Amino acid sequence: MKQKVLIIGSSNTDMVVKTELFPKPGETVLGGTFLMNPGGKGANQAVAAARLGADVRFVAKTGNDIFGKQAREGFAKEGIDIRFVSESPDLASGVALITVNAQGQNEIVVASGANMDLHPADIPDEAFKQAGLALFQLEIPAQTVQWALAKCARQQVRAILNPAPAMRLGPEFLRDLYLITPNETETELMTGIAVVSEEALQKAAQYFFAQGVQNVIVTLGSKGIYLASENFTGIIPAPVVEAVDSTAAGDVFNGALLKALADGETLERASHFACRAAAISVTRMGAQSSAPYQHELDSFQEHA
Ligand code: RIB
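What you see is a predicted model; the values in this text were computed from it and never measured.

Another aspect to go through is the site of the ligand. Neighbouring residues of the ligand: 13 residues in total, closest Asp14, Gly40, Lys41, Glu139 and Asp251. The side chain of asparagine 12 places a nitrogen or oxygen atom 3.0 Å from an oxygen atom of the ligand. Here glycine 40 contributes a backbone N or O atom positioned 2.9 Å from an oxygen atom of the ligand. In a pocket analysis with a 2 Å cut-off to the grid points, the ligand is assigned to the largest pocket. Within the residue set of the shell around the ligand, elements represented by two or more residues are strand 2 (12-18), helix 1 (41-51) and strand 7 (106-111). Considered class by class, the residues forming the shell around the ligand number 5 nonpolar, 4 polar and 4 charged.

The following block contains the structure:
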C-alpha cells in the first residue's frame, strides 16, 4: 500500500550562472545566461517525489516576500500538501547563489534566511499524521531536525536523513534512523573514513550501524551509490549520461528513493529507480526544473 511521505526542510530560490571555469579567489570571469530557479534541498526532494507520484506533505518556512509566494505557488502546482509551510515575519526567503562549470559540477552558497527560523513550534503534531516515511536534510536548524527525528521514532515513522550540507552530528541524530544517505564528503566528515574503496565504504557503513542506523546509502556521483542493507550490500552503478548540471542530483535521488520506498519497494529496487531519476536530472539545468516525471523514467535510455 502507498504510504504518505513527510519532508521537513529548506526552500530556496536559486540564482544560477553557467561558467567555463570556476573563478579563483579574487578573480572575475564572464559567465553564461543567468537563470532563476526554485531550489532548496528540502523543496527539491519534495518536488522530485511528487512528480513521481508520491503523496507528499512538505514542511518549511519562507519569508513574507515574492520568492516565498512563488515557492508556495510552485509546490501547490506539484500537488504537494503545504498546509504546514509557514512564513517568517522578519526574515527573507532562502536564496542560493550557484555557479555551474562546463563539466556540470557546481559551487553553491546559501543565504538561509527564513529556513533557519523553522522551529519545532512551527510544526504541529498533525504534520506527522499518517506519514509512513519522513525525509530530512540539514538546511534548517539542526535542533529542529533532532526534535523531528525523535518524534518520528516515538510515532514509528521510518526516518531518512540526507545529511547535507556536511555537518558533524552527535549520536542522537543517528540512533533511530531507518536510513542515512550521505555523499562521499559527508561520509568522510561524519565517520572520519575517506571513501577511497569498497572496503572503506563497508567500514563507513559499519560506523553508522554501530550508531544505530539500520541502512546506509553513500551516494557516489556518476559512479552510482553504495547500499548496505539487510538484503543487499554493494555498489549500484548509475546510468551513463552526458552531465549538463549536477545541481540537485542528490535531492532527486533522495526524493525518488522515498517515493519507491513509500510504494513498498525494497531498498535495492528503490535505489535502482532513484539512480535512474538522478541520472535524468543531471542531463538538464536547474534543481526542481531537472526533476523527472514518471513517464520520462519509463522512456529513459542511458548512453551506451
Ligand atoms: O542540492 C541543491 C540545492 O542546494 C540547491 O537547489 C540550493 O538551493 C541548495 O539548497
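From this point, the discussion proceeds with the structure in view.
Over the atoms rolls a probe the size of a water molecule, and in doing so it shows where empty space is left. A volume near 1,300 Å³ is recorded for the largest pocket. As for the largest pocket, its lining consists of 49 residues, of which Asn183, Gly221, Ser246, Ala249 and Gly250 are closest to the centre. Considered class by class, the residues forming the lining of the largest pocket number 22 nonpolar, 19 polar and 8 charged. In this model, the second largest pocket occupies a volume close to 230 Å³. Together, 19 residues line the second largest pocket, and Asn37, Pro38, Gln70, Ala71 and Gln288 are the ones closest to its centre. Among the elements of the structure, strand 2, strand 3 (34-39), helix 1 and helix 2 (66-77) are those that each provide at least two residues to the lining of the second largest pocket. With 6 residues, helix 2 is the largest single contributor of residues to the lining of the second largest pocket. Class assignment of the residues belonging to the lining of the second largest pocket gives a composition of 7 nonpolar, 9 polar and 3 charged.

Enumeration over the complete set of coordinates arrives at 3 aromatic pairs. Ring geometry for phenylalanine 128 and tryptophan 147: centres 5.8 Å apart, planes at 75°, overall edge-to-face. Here tryptophan 147 lies in helix 3 (residues 142-154) and phenylalanine 128 lies in the loop between strand 7 and strand 8 (131-136), a separation of 19 residues in the sequence. The exposure class assigned to phenylalanine 128 is buried, which follows from its relative accessible area of 2%. Aromatic pair tyrosine 207 and phenylalanine 208: ring centres 5.6 Å apart, planes at 80°, arrangement edge-to-face. Using a relative accessible area of 29% as the deciding quantity, one classes tyrosine 207 as partly exposed. Positioned above the aromatic ring of phenylalanine 128 is the side chain of lysine 151, whose terminal nitrogen or guanidinium carbon lies 5.6 Å from the ring centre.

Procedures and definitions
- Residues numbered from 1 in each chain as written.
- Predicted model: local features only at pLDDT ≥ 70, side-chain atom pairs only at ≥ 80, totals over all residues.
- Heavy atoms only, no water.
- Near = heavy atom within 4 Å.
- Polar contact = N/O pair within 3.5 Å; in protein donor to acceptor, adjacent residues only side chain to side chain.
- 1 Å grid on protein atoms, 1.4 Å probe; cavity = no way out; pocket = protein on both sides within 12 Å on 5 of 7 lines; lining within 4 Å.
- Sits in = over half its atoms within 2 Å of the grid points.
- Helix = DSSP H or I, 4+ residues; strand = E, 2+ residues; numbered from the N terminus.
- Nonpolar A, V, L, I, M, F, W, Y, C, P; charged D, E, K, R; others polar.
- Points joined across faces, edges and corners; volume = space filled by probe spheres on them.
- Phe/Tyr/Trp six-rings, centres within 6.5 Å; stacked < 30°, edge-to-face > 60°.
- Buried < 20%, exposed > 50% of the residue type's maximum accessible area, 1.4 Å probe, protein only.
- Lys NZ or Arg CZ within 6 Å of the ring centre and 35° of its normal.

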